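Here are the chains, one letter per residue:
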Amino acid sequence: MTDIFEQVEEELRSDRYKRLARTWLPVVGGILVLALIAALGWWGWQSYQTSRAANASVAYERGIEALQTNDLAAAESAFAEAEREGNGAYKSMALAQRAGLALAANRVDEAIELLDQSAKAVGDPLLSDSSAFKAALLAMDTDATYEDIEGRLTPLTREGRPMRPQALEALAMAQLQFGKSTEARATFVQLQLGQDVPDTVRQRAQAAIAMIDGGTLGSLPGILDAQKAPPVVVSPEAEAPAAAQPAPAE
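As the structure is a computational prediction, the values presented were derived from the model and not from experiment.

> Would you mind showing me how to read the packing of aromatic side chains here?
Both the distance between ring centres and the angle between the ring planes are used here to describe each pair of aromatic rings. What the rule picks out here adds up to 3 aromatic pairs. Arranged with centres 6.0 Å apart and planes meeting at 65 degrees, the rings of Tyr-60 and Tyr-90 form a pair that is edge-to-face. Separated by 30 residues along the polypeptide, Tyr-60 in helix H1 (residues 2–68) and Tyr-90 in helix H3 (residues 89–104) bring together distant segments of the chain. Classification of Tyr-60 by relative accessible area gives buried; the value is 10%. Grouped by ring-pair contacts, the aromatic residues Tyr-60, Phe-79 and Tyr-90 constitute a single cluster. Of note, Lys-180 hangs over the ring of Tyr-146, and the distance from its end group to the ring centre comes to 5.1 Å.

Written as structure tokens, this is what we have:
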């Protein structure tokens, strides 16, 4: 009787295992197939990104070589290719190089736009803040409003940002440019008392504070306006020395 019970129990276990297998094997198989597809997709994506990065690196180096031979057209083409192929650092650097070419051709607005794109193309502040800072400096020489310049520089002045001292100094100069001497002095004081401020920047801040307190910067907005005015052309007759004129008759 014991053998019969054991045989029946074995058959019951066998039937239960078969039912479990029929129920779960398709599910497990589907999960394994999906995992394989995901792994292959990730590998393919990584390979594609690696290939693009390699192409961007080659194109960027070609652009640098073209710059060294002063072939600006070839440099622009190579950097544009590096921008298309690259992502992150190479894309950001290529856009910054294109901005430099645009600036050399006196296309300031285009240079600012390219630097803005360069800053947004990468998450590393060492690259993004550098491009954003250059764009802000260029904007200071245009008809940009103070609000625009302040909006560009303020994020760069936060604690821990790599270009904080330089951005604070540029912000103070912008404040002076727009006649905001009180705000400029407060910004220079931040530089004077701040940590991790380069000595040269700190010394310029101290000198600026002394000039503001001494009242020698009051005419700065007028000087800046005069610099933007067209040059006065002096006629050759006006430049002739008085000695060259005939002496009056006695």
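> What should I look at first to understand unusual backbone geometry in this one?
Keep in mind that most residues, glycine aside, have a negative phi and that most peptide bonds are trans. The phi dihedral of Asn-70 falls on the positive side, at around 60 degrees, and the residue is not glycine. For Asn-70, the position within the fold is in the loop between H1 and helix H2 (72–85). We classify Asn-70 as exposed; its relative accessible area is 59%. Positioned with a positive phi, Asn-106 is a non-glycine residue whose angle comes to about 65 degrees. You can see Asn-106 is positioned in the loop between H3 and helix H4 (108–120).

> Please explain the environment of Tyr-146 as it appears in this structure.
In this structure, Tyr-146 sits in helix H6 (residues 146–153). Overall, the relative accessible area of 8% leaves Tyr-146 in the buried class. In the structure, Tyr-146 is positioned 25 residues away from Leu-171 in sequence and 9.6 Å away in space, judged by C-alpha atoms. At 3.3 Å, the side chain of Tyr-146 forms a polar contact with the side chain of Gln-175.

> I keep staring at the nonpolar core and nothing clicks. Help me out?
With 26 residues, the main nonpolar core has Phe-133, Ile-149, Leu-153 and Leu-156 as its most contacted residues. Elements represented by at least two residues in this core include exactly H3, H4, helix H5 (125–140), H6 and helix H7 (164–177). Sort the elements by how many residues they give to this core and H5 lands first, with 7 residues. Apart from the residues within four sequence positions on either side, Leu-153 is in contact with Phe-133, Ala-136, Ala-167, Ala-170 and Leu-171. Leu-168, Leu-191, Ile-209 and Ile-212 belong to the second largest nonpolar core, which has 12 residues in total.

> Any chance you could explain the packing of H2 against H3 here in plain terms?
When two helices pack together, their arrangement is given by the angle between their axes and by how far apart the axes lie. Contact geometry for H2 and H3: axes closest at 8 Å, N-to-C directions at 150 degrees. It follows that H2 is roughly antiparallel to H3 by the angle criterion. The element H2 and its partner H3 pack so that their crossing is left-handed. The residues of H3 that touch H2, namely those facing Leu-72, Ala-75, Glu-76, Phe-79, Ala-80, Ala-82 and Glu-83, are Lys-91, Ala-94, Leu-95, Gln-97, Arg-98 and Leu-101. Residue classes in the contact of H2 with H3 are distributed as 8 nonpolar, 1 polar and 4 charged.

Conventions used here
- Residues numbered from 1 in each chain as written.
- Predicted model: local features only at pLDDT ≥ 70, side-chain atom pairs only at ≥ 80, totals over all residues.
- Heavy atoms only, no water.
- Phe/Tyr/Trp six-rings, centres within 6.5 Å; stacked < 30°, edge-to-face > 60°.
- Helix = DSSP H or I, 4+ residues; strand = E, 2+ residues; numbered from the N terminus.
- Buried < 20%, exposed > 50% of the residue type's maximum accessible area, 1.4 Å probe, protein only.
- Lys NZ or Arg CZ within 6 Å of the ring centre and 35° of its normal.
- Polar contact = N/O pair within 3.5 Å; in protein donor to acceptor, adjacent residues only side chain to side chain.
- Core = buried A, V, L, I, M, F, W, Y, C linked by side-chain atoms within 4.5 Å.
- Contact = heavy atoms within 4.5 Å.
- Axes fitted to C-alpha atoms, helices over the stretch in contact; angles between N-to-C directions.
- Parallel < 35°, antiparallel > 145°, perpendicular 65-115°, else oblique.
- Left-handed = near helix turned anticlockwise from the far one by under 90°.
- Nonpolar A, V, L, I, M, F, W, Y, C, P; charged D, E, K, R; others polar.

These results come straight from atomic positions and should not be treated as a statement about function.
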